[in-house]
Amino acid sequence: MNQPGFVVSLVAGGVAGASVDLILFPLDTIKTRLQSPQGFKKAGGFRGIYAGVPSTAIGSFPNAAAFFLTYEYVKWFLYPDSSSYWMPAKHMLAASAGEVVACLIRVPSEVVKQRAQVSASSGTFQIFSNILYEEGIQGLYRGYKSTVLREIPFSLVQFPLWEYLKALWSWRQDHAVDSWQSALCGAFAGGFAAVITTPLDVAKTRIMLAKAGSSTAGGSVLSALQGVWRSQGLTGLFAGVFPRMAAISLGGFIFLGAYDQARSMLSTVGRKSW
């Protein structure tokens with residue numbers, strides 16, 4: 001990938017990710033509290049819905065930038081031929097690689113954010129300090145595997161579907177899709193992927209919020225899912241599905257639309273500058 005492409009993917013992805021995370025933060029807080037083992041009301045209800053936002057503000061730009069930089073690089077590396085029948089599989093591989101890299105940044109931010117969301121009386125820095133004191137760096141990466149196991153299936157659905165819908169729309173109108181059309185495709189793809197991966201999101205939340213040293217904190221995604229199933233059944237596995245679907249559909253609209261728009265604008269500037 002050339003220098004303009006590198007910079008464009010980095011900046012466009014970061015801008016898009018930061019925009020979505022901050023705009024839709026209240027929905028994310030509601031979703032986290034619905035999935036919390038202590039219950040929605042005890043976790044804070046509708047109070048302090050911006051608790052944990054500093055963690056998101058710090059982590060969202062580098063997280064999204066790392067994802068899209070990896071995603072675009074892997075796409076470029078895997079296929080110079082855009083007519084390849086293997087394109088959906090290559091989109092899946094690119095998205096999976098992007099998630100693995102992005103989660104190195106996302107997970108520490110997510111751990112601090114989610115604990116702040118269910119403990120609104122504690123500040124973000126205080127929670128961060130407590131994690132380091134009680135669990136060390138390893139505590140910031142609790143739930144890394146469960147996050148990757150949530151994000152990869154999500155991306156395997158969302159990104160190939162997004163790319164397919166854009167290609168179909170482009171073919172039907174005989175020219176490239178506009179940013180708002182890309183955004184609509186992203187909203188549909190994101191909402192669909194959000195619903196079917198909600199149980200994995202519930203497991204990830206339970207692992208991140210569990211007390212240090214507990215069986216859930218050190219357990220696997222499967223054991224977390226089994227625990228939720230035994231205590232709450234299907235309702236528990238899909239706790240927070242509506243705010244998650246709403247947030248990710250809106251997020252897909254803003255995120256993927258803003259990414260395409262920012263990438264187009266930056267590419268135009270890049271061609272003039274480089």
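Above this text sits the structure in question.
None of the values given here were measured: they were computed from a predicted structure.

(A) Fine view of the packing of aromatic side chains. All chains considered together, the criterion is met by eleven aromatic pairs. Arranged with centres 5.0 Å apart and planes meeting at 50 degrees, the rings of Tyr71 and Phe159 form a pair that is tilted. Here Phe159 lies in helix H7 (residues 144-173) and Tyr71 lies in helix H3 (residues 53-78), a separation of 88 residues in the sequence. Note on Tyr71: relative accessible area 0%, which makes it buried. An aromatic cluster is built from Phe67, Tyr71, Phe159 and Trp162, whose rings are joined through pairwise contacts. The cationic tip of Lys166 hangs over the ring face of Trp162; the distance from NZ or CZ to the ring centre is 3.8 Å.

(B) Structural view of empty space enclosed by the protein. Using the criterion set out here, one finds one cavity of 30 Å³ or more in the structure. Quantified by volume, the largest cavity comes out at close to 830 Å³. Lining the largest cavity are 34 residues, and of these Val20, Asp21, Arg106, Glu151 and Ile248 sit closest to its centre. Counting residues per element, the ones that place at least two in the lining of the largest cavity are helix H1 (3-23), helix H2 (25-35), H3, helix H4 (87-117), H7 and helix H12 (241-273). When its residues are assigned to classes, the lining of the largest cavity shows 13 nonpolar, ten polar and eleven charged.

(C) Here's a closer look at the packing of H7 against helix H8 (residues 179-196). Their axes nearest at 8 Å, the elements H7 and H8 cross at an angle of 150 degrees. As far as their axial angle goes, H8 and H7 are roughly antiparallel. In this structure, H7 crosses over H8, and the sense of that crossing is right-handed. Within the contact of H7 with H8, the residues separate by chemical class into 15 nonpolar, six polar and one charged.

(D) Fine view of the pattern of salt bridges. Under the criterion given, the structure shown has 15 salt bridges. Notably, a salt bridge pairs Glu72 with Lys75, separated by 3.7 Å at the nearest N-O pair. Separated by three residues within a single helix, Glu72 and Lys75 lie in helix H3, roughly one turn from each other. Considered together, Glu72 and Lys75 belong to a single accessibility category, that of buried residues. Two residues, Arg106 and Glu151, come together in a salt bridge whose shortest N-O distance is 3.4 Å.

Definitions and limits used
- Residues numbered from 1 in each chain as written.
- Predicted model: local features only at pLDDT ≥ 70, side-chain atom pairs only at ≥ 80, totals over all residues.
- Heavy atoms only, no water.
- Phe/Tyr/Trp six-rings, centres within 6.5 Å; stacked < 30°, edge-to-face > 60°.
- Helix = DSSP H or I, 4+ residues; strand = E, 2+ residues; numbered from the N terminus.
- Buried < 20%, exposed > 50% of the residue type's maximum accessible area, 1.4 Å probe, protein only.
- Lys NZ or Arg CZ within 6 Å of the ring centre and 35° of its normal.
- 1 Å grid on protein atoms, 1.4 Å probe; cavity = no way out; pocket = protein on both sides within 12 Å on 5 of 7 lines; lining within 4 Å.
- Points joined across faces, edges and corners; volume = space filled by probe spheres on them.
- Nonpolar A, V, L, I, M, F, W, Y, C, P; charged D, E, K, R; others polar.
- Axes fitted to C-alpha atoms, helices over the stretch in contact; angles between N-to-C directions.
- Parallel < 35°, antiparallel > 145°, perpendicular 65-115°, else oblique.
- Left-handed = near helix turned anticlockwise from the far one by under 90°.
- Salt bridge = Lys/Arg side-chain N within 4 Å of Asp/Glu carboxyl O.

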